[in-house]
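# Tertiary structure, described
If you want the building blocks of each chain, they are given just below.
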Amino acid sequence: MLELDAVTAGYGRATPAVRGATLTVAPGEAVGLLGPSGCGKSTLARVAALLHRPYSGTVRLDGTTVTRWRHRAPREMRTAVGVVFQSPRLAADPRLRLADLIAEPLRATGRRDVVADRVPELAHTVGLGADLLSRRPHEVSDGQLQRACVARALVLEPRWLVCDEMTSMLDASTTAALVAVVESYRREHRAGLLAVSHDPVLLDRWCDRTARWDQVVPAAS
Ligand code: ADP
């Protein structure tokens, strides 16, 4: 299970962006998180992906309470969660060729031996032609770069996926293709998904159930 219990999180001295959020995703389950822009969804998604330390509350991953975030989190916890963000331009290192972008998590975890097999295989899965793999981010479209980011998120075969507005910048056909990739991975690996969006139609089509933001955080007292 991926469990968020009474999570309060924010930035510096400002009022917390998220107060008391509670949300659970079961293995193999696709859960949508729906809310208007600015309500705190991304902040909560980053907490769930172990990228942002909350002020208070509990995050449990497969029964283990998370006590460290970002690079301080134990590797087996970090690699259990794959993340895809809204903007591939902000998420991708502009210096890396797409092949190296996809391979980066393998290299960072000492799995160089499988790079030659896994990268072309995943590129094919996400619909990236071999000719694009030698290009750098500024030489491809947003949709092509997001395909590479999805491949990178899947390359370590995570048990959990957090997709934060993954398709908001994409056209309808790329959106459909990437949702299909995530769904087929999820079914094959029985991975749990947290899909964050402001779009109820997308989440309704994509997810087993959708939690509205006002169901996730308690009403302000
Ligand atoms: P959503 O994903 O629902 O649009 P966010 O979690 O991105 O919401 O933002 C929630 C609040 O936190 C907003 O008021 C936003 O301005 C603020 N915020 C988000 N990221 C940062 C940051 N890095 N530093 C300071 N404030 C931030």
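Parameters at a glance
Residues numbered from 1 in each chain as written. Predicted model: local features only at pLDDT ≥ 70, side-chain atom pairs only at ≥ 80, totals over all residues. Heavy atoms only, no water. Domains from an automatic or database assignment. Contact = heavy atoms within 4.5 Å. Buried area = accessible area lost by both parts, 1.4 Å probe. Salt bridge = Lys/Arg side-chain N within 4 Å of Asp/Glu carboxyl O. Polar contact = N/O pair within 3.5 Å; in protein donor to acceptor, adjacent residues only side chain to side chain. Nonpolar A, V, L, I, M, F, W, Y, C, P; charged D, E, K, R; others polar. 1 Å grid on protein atoms, 1.4 Å probe; cavity = no way out; pocket = protein on both sides within 12 Å on 5 of 7 lines; lining within 4 Å. Points joined across faces, edges and corners; volume = space filled by probe spheres on them. Helix = DSSP H or I, 4+ residues; strand = E, 2+ residues; numbered from the N terminus.

Below, the discussion takes up the domain arrangement of the protein. Interfaces are frequently sized by the accessible area removed from exposure as the parts join. Here the protein is described as being made up of domain 1 (2–80 + 158–216) and domain 2 (88–141). With 4 residues of domain 1 at the contact, the number on the domain 2 side is 5 residues. Taken as a group, Arg-75, Met-169 and Val-181 account for 73% of the area that domain 1 buries against domain 2, more than any other trio of residues on that side. Linking domain 1 to domain 2 there are 0 salt bridges. One can count 1 residue pair in polar contact (both at pLDDT 80 or more) joining domain 1 with domain 2. A per-class count over the side of domain 1 that touches domain 2 returns 2 nonpolar, 1 polar and 1 charged.

Put simply, the largest pocket is a space of about 790 Å³. The wall of the largest pocket is formed by 24 residues, among which Leu-51, Arg-78, Val-81, Val-83 and Pro-105 lie closest to the centre. For the lining of the largest pocket, the secondary structure elements donating two or more residues are helix H2 (75–78), strand E6 (81–84), helix H4 (98–108) and helix H6 (142–154). Broken down by class, the residue content of the lining of the largest pocket amounts to 13 nonpolar, 4 polar and 7 charged. As a volume, the second largest pocket reaches approximately 190 Å³. Every residue along the wall of the second largest pocket is listed here: Arg-118, Glu-121, Leu-122, Thr-125, Leu-154, Glu-157, Val-181, Ser-184, Tyr-185, Glu-188 and His-189. The dominant element in the lining of the second largest pocket, judged by the number of residues it contributes, is helix H7 (residues 172–189), at 5 residues. Here the lining of the second largest pocket is composed, by residue class, of 4 nonpolar, 3 polar and 4 charged.

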